[in-house]
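These are the residues of each chain, in order.
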Amino acid sequence: MSFFNFSKRQEPTEALVQIKHESYFNELFNKEFSRLGKQKHVYLDYTGGGLYATIQLRKHHEMLESLVLGNPHSSNPSSKKSTELVEESRQAVLDFFNADDYCCVFTQNASGALKIVGECYPFNEDACFSLLMDNHNSVNGIREFAVRKNAKFYYCNILKDNLRLDEDCLAEHFDQHDDVKNKLFAYPAQSNVSGVKHDLKWVKYAEERGWDILLDAAAFVPTSKLDLSQVKPSFVAMSFYKIFGYPTGLGCLLIRKDKFHKLEKPWFAGGTVSMVSNTKSKHFLAESNERYEDGTLNYLDIPAIKIGLDFIKGIGIEKITERVTELRKYLYNALSEIKHDNGNAVARIYGPTDHQNIGGTIIFNVITQGGETIFFDEVEKEANKELISLRTGCFCNPGIDEINNEVSSAKLTDFYKDQSNVNMNDALNFFDFQRGAIRISVGIATRQVDLDKFIQFIIKNYQNK
Ligand SMILES: Cc1ncc(COP(=O)(O)O)c(C=O)c1O
C-alpha cells in the first residue's frame, strides 16, 4: 500500500491512511505525555522502556505525601499500611493477568525474575535446559546455572527468512528427551528484537511432554493480553517499567502454584524464612511469595504498580494491541517504500513481511545505493541530533544478530580464541562492523506524526547516499 510518494525526496503533503485510534491516542498524548510534544521529542524505544503518564506520577506522589509508610510485616500502623498497599498491588498484578493459579513474587526486574528460576531450578546431570536462538541475554544466562550443575542445554532454531520458530525442529526436540527428569524450556512470548510473537501454543505442547516452561513475557505484556487462565506456563517473568514506564526497578516472577516446590532456593535471607536457628544451622523457608523476596521490599514504589495497571486498564490492552499493530504496519510500509534513484531499498528490514503475530517493533539496517550497510552507530548519532530516541546494536540478543548478519560458527570460534577480545569495539572490528541493527519500537504515546518525522529523517539523511 502506498502512503506517500517517497521515490523522489519530497515532503509528504498528505497521509493517505489514518492510523486507527489516532484521535483517541492524540488526545491521550496531549493529556498525559505532553512533555514529549513540548520538547519535540520522538520517542521510539518502547521495548527499551515504556513511558509513564503524568497522572501516574500525580497519584503516586499524592499517596506518598498523604501517608506514613514504614517497613512492612510488622503490626505498627505505618508498617500495616505499607503491607496493605503492597498486597493490593500484588493482587492487582494477579487480576491483570487472570493469574488465580499463580503466586506473584516481586523482583527488581525481569532479569531478577529469570535469575530466580535459573538459580533454583533443579538442574543436575539428569536435567536439561532448552531455549531459542531468539532470547534475551537474561534468559541465555540461565545456561550457566545449568552447565555448572552438569545439565545439558540446547538451542532451538529460528528461521532466517522470517525470524520465526522452526516449528518442526521444536516439536521434534520436545519429544526427544523422554528419559530426562527435569526439563526446562524458556522462550520469549515476543522477541525483544524482531517483535515476533512466538506462539503461546508451545506452552501446553511442551507441558504435555513433561517440560516446565519459563515464559519471558517482558516484551510481550506491554502491548498484548496475557491471560494466565488460558495459557499456563510454569513461570512468567516481566518488568513493570516496560508496561507503564514508572516506577523502574520493579518486576515480578509469577510462579504457578503447583510448581512452587519445583524450585529449590539455595539460600535464605531476611524475610524469606519462617524460622531459623544458628545453634542447629536449620531453617524453614516461607511457603509463599516471601520465600523469593530477599530482604526489604521496595514498599514505597510497589503501590505505583497498581496505579500503572489501572492506567493501562483504562485504555484497554486490546486497544493498545490494535494500535501498535497499525503503527507498525504504517511504518513498515513507508520504510520499505523508500528507494534510492537506482531502485534499491534504503532499509533492509529483518523479519516477517506479513504483519501477523508481531508486536510494535521493526528492526533494520540502512543501506547505501551501492549496497553497503551504514554502521548503525552513525544512524543513531544523526537521530540523536534530531531528538529521535531509537535503539541500535545487538539488543542483548546475540542469537538474532548472528542469524541476521550470517555470522558463521567458524568466525565465532576464531573470535573467542583470543581472550583479549573483550570489549564491543574489538568485537565490531573483528566482524568488520557487520553486526547489529537499528530498532524502532512504538507504544501508547506514538503518533502518526512521529512516524512521519522518522521517515523524513531517513529520507533526508540516507536516500541516494
Ligand atoms: C524479552 C526481554 N526479556 C528480558 C529483558 C530484561 O528486562 P530487564 O532489563 O528489565 O530485566 C528484556 C529487556 O529488554 C526483554 O526485552
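Let me sum up the structure you'll find in this document. The numbering scheme is per chain: residues are counted from 1 as the chain's sequence reads. Totals for whole chains, interfaces and linings use every residue, but because this is a predicted model, local features are given only for residues with pLDDT of at least 70 and side-chain atom pairs only at 80 or more, for both listing and counting. In computing side-chain values, all of the structure's heavy atoms are included and hydrogens and water are not.

## Focus on the overall build of the protein chain
Counting from the N terminus, the helices are the DSSP runs of H or I reaching at least four residues and the strands are the DSSP runs of E reaching at least two. Secondary structure assignment for the protein chain yields 17 helices and 16 strands. For the protein chain, the spread of C-alpha atoms along the principal axes amounts to about 80 × 55 × 40 Å. The buried share of the protein chain, taken over its 465 residues, is 54%. Contact criterion: two residues are considered in contact whenever any of their non-hydrogen atoms come within 4.5 Å of each other. Taking the contacts inside the protein chain whose residues are at least 6 apart along the sequence as the reference set, 72% of them involve residues at least 24 apart. When the accessible area of the protein chain is evaluated, it comes to approximately 20,700 Å², of which 49% is carbon and sulfur surface. Mean positive and mean negative side-chain charge positions of the protein chain (55 and 62 charges, respectively) differ by 3 Å. Remark: exposure states derive from per-residue accessible area (1.4 Å probe, protein chains only) relative to the maximum for the residue type, with buried under 20%, exposed over 50%, and partly exposed in between. The method behind every accessible area is Shrake-Rupley, applied with a 1.4 Å probe, and residues are considered shielded solely by the protein chains displayed. Charged-residue counts in this description rest on Lys and Arg as positive and Asp and Glu as negative, His and the chain ends being excluded. Charge positions are represented by NZ for Lys, CZ for Arg, CG for Asp and CD for Glu.

## Digging into the site of the ligand
Each residue is tested against the molecule or strand, and it is near if at least one of its non-hydrogen atoms lies within 4 Å. The immediate surroundings of the ligand are formed by Thr-47, Asn-109, Ala-110, Ser-111, His-136, Asn-192, Asp-216, Ala-218, Ala-219, Ser-239, Tyr-241 and Lys-242. Contacts described as polar in this section are N or O atom pairs within 3.5 Å, which, within protein, must combine one atom able to donate a hydrogen with one able to accept it, while residues neighboring in sequence count only if both atoms come from side chains. Ala-110 places a polar main-chain atom, nitrogen or oxygen, 3.4 Å from an oxygen atom of the ligand. Here the ligand loses 89% of its free accessible area of 390 Å² to cover by the protein chains. When residues of the shell around the ligand are traced back to their parent elements, those giving at least two are helix 5 (110-120) and helix 10 (241-244). A per-class count over the shell around the ligand returns four nonpolar, six polar and two charged. Gly is put with the polar residues, along with every residue not named as nonpolar or charged; the nonpolar set is Ala, Val, Leu, Ile, Met, Phe, Trp, Tyr, Cys and Pro, and the charged set is Asp, Glu, Lys and Arg.

## A few points about the pairing of strand 12 (residues 361-367)
Of all seven residues that make up strand 12, seven are buried, and the element is covered over most of its length. The pairing of strand 11 (residues 347-350) with strand 12 spans four bridges and is classified as antiparallel. Among the inter-strand pairings, Ala-347 is bridged to a residue of strand 12, identified as Val-366. Two strands qualify as a pair provided that DSSP identifies no fewer than 2 bridges between them.

## Notes on the pattern of salt bridges
For this analysis, a salt bridge means a side-chain nitrogen from Lys or Arg found within 4 Å of a carboxyl oxygen belonging to Asp or Glu. Under the counting rule described, the total for this entry stands at 30 salt bridges. A salt bridge links Arg-143 to Glu-144, with the nearest nitrogen and oxygen atoms 3.5 Å apart. We classify Arg-143 as partly exposed; its relative accessible area is 29%. Assessed through its relative accessible area of 36%, Glu-144 is described here as partly exposed. Across the pair Arg-209 and Asp-175 runs a salt bridge, and its minimum N-O distance is 3.1 Å. Linking Arg-209 in the loop between helix 9 (201-208) and strand 6 (212-216) with Asp-175 in helix 8 (residues 167-175), this pair joins segments that are 34 residues apart in sequence. By relative accessible area, Arg-209 is classed as partly exposed at 27%. Three or more residues joined by partner-sharing salt bridges are found here, namely Asp-175, Lys-204, Glu-208 and Arg-209.

## Overview of the sheet that holds strand 5 (residues 182-188)
The seven strands lie next to each other as 2-8-7-6-5-3-4, forming an open sheet whose pairing is mixed. The open sheet has two edge strands with one neighbour each: strand 2 (102-107) and strand 4 (152-156). Averaged over all pairs of adjacent strands, the angle between their axes in this sheet comes to 15 degrees, without regard to strand direction. The axes are straight lines fitted to the C-alpha atoms, using for helices just the contacting stretch, and the angles between their N-to-C directions are given from 0 to 180°. Helix-sheet contacts for helix 4 (residues 77-96) involve strand 2 and strand 8 (251-256), and the interaxial angle to strand 2 is about 125 degrees.

## As for the environment of Trp-211
Position of Trp-211 among the secondary structure elements: in the loop between helix 9 and strand 6. Placed 72 residues apart in sequence, Trp-211 and His-283 show a C-alpha to C-alpha distance of 30 Å. Residue contacts for Trp-211: discarding those within four places in its chain leaves Cys-128, Ser-130, His-173, Phe-174, His-177, Lys-183, Leu-184, Phe-185 and Ala-206. A polar side-chain atom of Trp-211 sits 3.2 Å from the main-chain carbonyl oxygen of Phe-174.

## Brief notes about the side chain of Ser-239
For Ser-239, the position within the fold is in strand 7 (residues 235-239). For Ser-239, the side chain forms a polar contact with the main-chain nitrogen of Ala-110, separated by 2.7 Å. Setting aside residues no more than four positions away along its own chain, Ser-239 makes contact with Asn-109, Ala-110, Leu-250 and Gly-251.

## Observations concerning the packing of aromatic side chains
When two rings of Phe, Tyr or Trp (its six-membered ring) have centres within 6.5 Å they constitute a pair, described as stacked for plane angles under 30 degrees, edge-to-face for angles over 60, and tilted for the intermediate range. Summed over all chains, the structure comprises 26 aromatic pairs. Ring centres of Phe-33 and Phe-311 lie 6.4 Å apart, and the angle between their planes is 65 degrees; this geometry places the pair in the edge-to-face category. One end of the pair, Phe-33, is in the loop between helix 1 (22-32) and helix 2 (34-39); the other, Phe-311, is in helix 11 (residues 303-315), with 278 residues separating them in the sequence. In this structure Phe-311 comes out as buried when scored by relative accessible area, which is 12%. Seen in terms of ring centroids, Phe-415 and Tyr-416 are 4.9 Å apart; in terms of plane orientation they differ by 85 degrees. Their pairing is edge-to-face. Judged by its relative accessible area of 5%, Phe-415 is buried. The rings of Phe-174, Phe-185, Tyr-187, Trp-202, Tyr-205 and Trp-211 are connected pair by pair, giving a single aromatic cluster. Any Lys NZ or Arg CZ that is within 6 Å of a ring centre and within 35 degrees of that ring's normal is treated as a charge sitting over the ring. If you follow Arg-35 out to its NZ or CZ, it ends over the ring of Tyr-52, 4.1 Å from the centre. Lys-319 extends its terminal NZ or CZ atom over the ring of Tyr-24, reaching a point 3.7 Å from the ring centre.

## A look at the packing of helix 8 against helix 9
Two elements in contact, helix 8 and helix 9, have axes whose closest approach is 9 Å; the angle formed by their N-to-C orientations is 25 degrees. The orientation of helix 8 with respect to helix 9, classified from their angle, is roughly parallel. For helix 8 against helix 9, the interelement crossing comes out right-handed. Two secondary-structure elements touch here, helix 8 through Glu-167, Leu-170, Ala-171, Phe-174 and Asp-175 and helix 9 through Lys-201, Trp-202, Tyr-205 and Ala-206. Working definition: roughly parallel below 35 degrees, roughly antiparallel above 145 degrees, roughly perpendicular at 65 to 115 degrees, and oblique for all remaining angles. It is the rotation of the near helix from the far one that decides the hand of a crossing: anticlockwise by less than a right angle makes it left-handed, clockwise makes it right-handed.

All quantities given are derived from atomic positions and should not be read as evidence of function.
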